[in-house]
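Chains, contacts and geometry: an overview
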Amino acid sequence: MNWDDARVFLAVCRESTLRGAARVLGVDQATVGRRITALEKALSATLFLRTSDGYALTAVGEAARQSVEKMEHSALELERHIHGLDDRLTGNVRVSTTDSMAIDFIIPAMARLHDQHPDVQIQLDASTQILSLAKREADIAVRNTRPDNPDLIARRIARWPVGLFAAQAYVDRHGEPQPGSAFEGHDLVVYQPYLQSKKDLTLVSEPLTRGRIVATLSSSLLVRRSIAAGLGVGEIPVYMGERDGLVRLWPERTRPQPYEVWLVTHADLRHTARVRAVIEQVVEAFAPENQ
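Reference entry: report on the structure contained in this document. The model shown is predicted, which means the values in this text are computed figures rather than measured ones.

1. Let's talk about the sheet that holds strand S6 (residues 152-160)
- Read across the open sheet, the five strands follow the order S4-S3-S5-S14-S6; overall the sheet is mixed. Because the sheet does not close on itself, it has two edges, and the strands there are strand S4 (120-126) and S6. Sheet twist, expressed as the average angle between the axes of neighbouring strands with direction ignored, equals 20°.
- Each of strand S3 (91-97), S4, strand S5 (140-143), S6 and strand S14 (259-266) touches helix H5 (residues 99-116); the most contacted strand, S4, lies at about 175° to it.

Structural data, given as structure tokens:
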């Protein structure tokens, strides 16, 4: 099995449909189908069962998957090693981060980088999905959690307190909530993943039991914009609230866990010139907020 066939095989394994695999590979669905049929013919084995729900691995296919994933690991390791030896300030660097940090920090860093090194291109992915650096889905990640993979190098570049904020228009209409009232009579906007992961919900350690959750948002940027629009009271990093001109409520209170920002890259890429150049600009972008 060559590596091109292996990539197609793994894409179908992971997506379970030809359409999903085609989207990941950047080819058309018919091409994926032909490659799988040809692969099964070459191996004289049925790798997938075609079901109404998609493609399901057979026992033989499962055994093949384990071997092909080892092939993938070796191929990606070789690619990282070769890229790690590259000392040219040219080429593409893939950066993964959240939408808020992309707008506030990464895009300004990209502008400065372009002025200094115009042949370095940035491919920016801004979402709540965490891409895999080990699988080369990204070269650099700017995250709010520290990874536990020993092959990744993580550097904390920011640590902010998290406070309670509202728009001036909201305060003018509803007043400020009273500490100890569990937000009685107030509208709240909440980060959706936080809502899903917590049993006892609080904002800056205040229970939400008497408040009304009017919106749950899937990203920090959406939380910020909802607060700024006067939709309700919400909890965001203090720097974000101050940057957006919001009213800080209960300034003596912060969330017990601060908001940390980690810059992460793979150990094999840390000496690549273009990756180093991007890292330097990202770190510089965060520096004023940490003074």
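Anyway, onward from the coordinates.
2. Examining the environment of Ala-167
- Examined against the element boundaries, Ala-167 turns out to sit in the loop between strand S7 (162-166) and helix H6 (168-174).
- Residue classification places Ala-167 among the buried positions, given a relative accessible area of 5%.
- Separated by 74 residues in sequence, Ala-167 and Gly-241 place their C-alpha atoms 9.4 Å apart.
- Ignoring anything within four residues of it in the chain, the contact list for Ala-167 reads Ile-227, Ala-228, Gly-230, Leu-246 and Val-247.

3. Description of helix H8 (residues 220-228)
- Regarding H8, the residues found buried are Ser-220, Leu-221, Val-223, Arg-224, Ser-226 and Ile-227.
- Among the structural elements, H5, S7, strand S8 (187-191), strand S11 (212-217), strand S12 (234-237) and helix H9 (238-243) are those in contact with the buried residues of H8.
- Positive backbone phi, at 85°, marks Gly-230, one or two positions downstream of H8.

4. Brief notes about the nonpolar core
- Val-261, Val-278, Val-282 and Phe-286 are the most contacted members of the largest nonpolar core, which totals 38 residues.
- A per-element tally of this core places helix H10 (residues 273-286) first, with eight residues.
- Not counting the four nearest positions on each side in its chain, Val-278 is found in contact with Val-93, Val-95, Leu-113, Val-120, Ile-122 and Ile-140.
- Ranked by size, the runner-up nonpolar core spans 19 residues in total, among them Val-8, Leu-10, Val-12 and Leu-47.

5. Description of the pattern of salt bridges
- In this structure the tally under the stated criterion is 16 salt bridges.
- The residue Arg-224 makes a salt bridge to Asp-104 at a minimum N-O spacing of 2.8 Å. One end of the pair, Arg-224, is in helix H8; the other, Asp-104, is in helix H5, and 120 residues separate them in sequence.
- Looking at Arg-224, the relative accessible area reads 1%, which means it is buried.
- The closest approach of N and O atoms between Asp-244 and Arg-224, which form a salt bridge, is 2.9 Å. Placement of the pair is Asp-244 in the loop between H9 and strand S13 (247-249) and Arg-224 in helix H8, with a sequence separation of 20 residues.
- The network of salt bridges with shared partners includes Arg-14, Arg-65, Glu-69 and Glu-72.

6. Some thoughts on the side chain of Arg-224
- A distance of 2.9 Å separates a polar atom in the side chain of Arg-224 from a polar atom in the side chain of Asp-244.
- In this structure Arg-224 touches Ser-100, Asp-104, Ile-236, Tyr-239, Met-240, Arg-243 and Asp-244, once residues within four positions along its chain are discounted.

7. Observations concerning the packing of helix H1 (residues 3-15) against helix H3 (residues 29-43)
- One can describe the packing of H1 onto H3 by two numbers: an axis separation of 10 Å at closest approach and a directional angle of 110°. As summarised for this structure, H1 and H3 are arranged roughly perpendicular, according to the angle between their axes. Each of Asp-4, Asp-5, Val-8, Phe-9 and Val-12 in H1 lies in contact with H3, whose residues at this interface are Val-32, Arg-35, Ile-36 and Leu-39.
- Partitioned by chemical class, the residues of the contact of H1 with H3 number six nonpolar, no polar and three charged.

8. Brief notes about unusual backbone geometry
- With a phi angle near 55°, Ala-182 is a residue other than glycine that sits in the positive phi range.
- Relative to the helices and strands, Ala-182 is located in the loop between H6 and S8.
- Residue Trp-250 is not a glycine yet carries a positive backbone phi of 50°.
- Note that Trp-250 resides in the loop between S13 and S14.

9. Focus: the pairing of S4
- Where S3 meets S4, seven bridges bridge the pair, whose relative direction is parallel. Bridge pairing in S4 links Val-95 to Leu-124.
- Taken together, S3, H5 and S4 constitute a β-α-β crossover, and its handedness is right-handed.

Cut-offs and rules
Residues numbered from 1 in each chain as written. Predicted model: local features only at pLDDT ≥ 70, side-chain atom pairs only at ≥ 80, totals over all residues. Heavy atoms only, no water. Pairing = 2+ DSSP bridges. Helix = DSSP H or I, 4+ residues; strand = E, 2+ residues; numbered from the N terminus. Axes fitted to C-alpha atoms, helices over the stretch in contact; angles between N-to-C directions. Contact = heavy atoms within 4.5 Å. Buried < 20%, exposed > 50% of the residue type's maximum accessible area, 1.4 Å probe, protein only. Core = buried A, V, L, I, M, F, W, Y, C linked by side-chain atoms within 4.5 Å. Salt bridge = Lys/Arg side-chain N within 4 Å of Asp/Glu carboxyl O. Polar contact = N/O pair within 3.5 Å; in protein donor to acceptor, adjacent residues only side chain to side chain. Parallel < 35°, antiparallel > 145°, perpendicular 65-115°, else oblique. Nonpolar A, V, L, I, M, F, W, Y, C, P; charged D, E, K, R; others polar. Right-handed = clockwise from strand over helix to strand, strands pointing away.

Shape is all these values report; function is a separate question.
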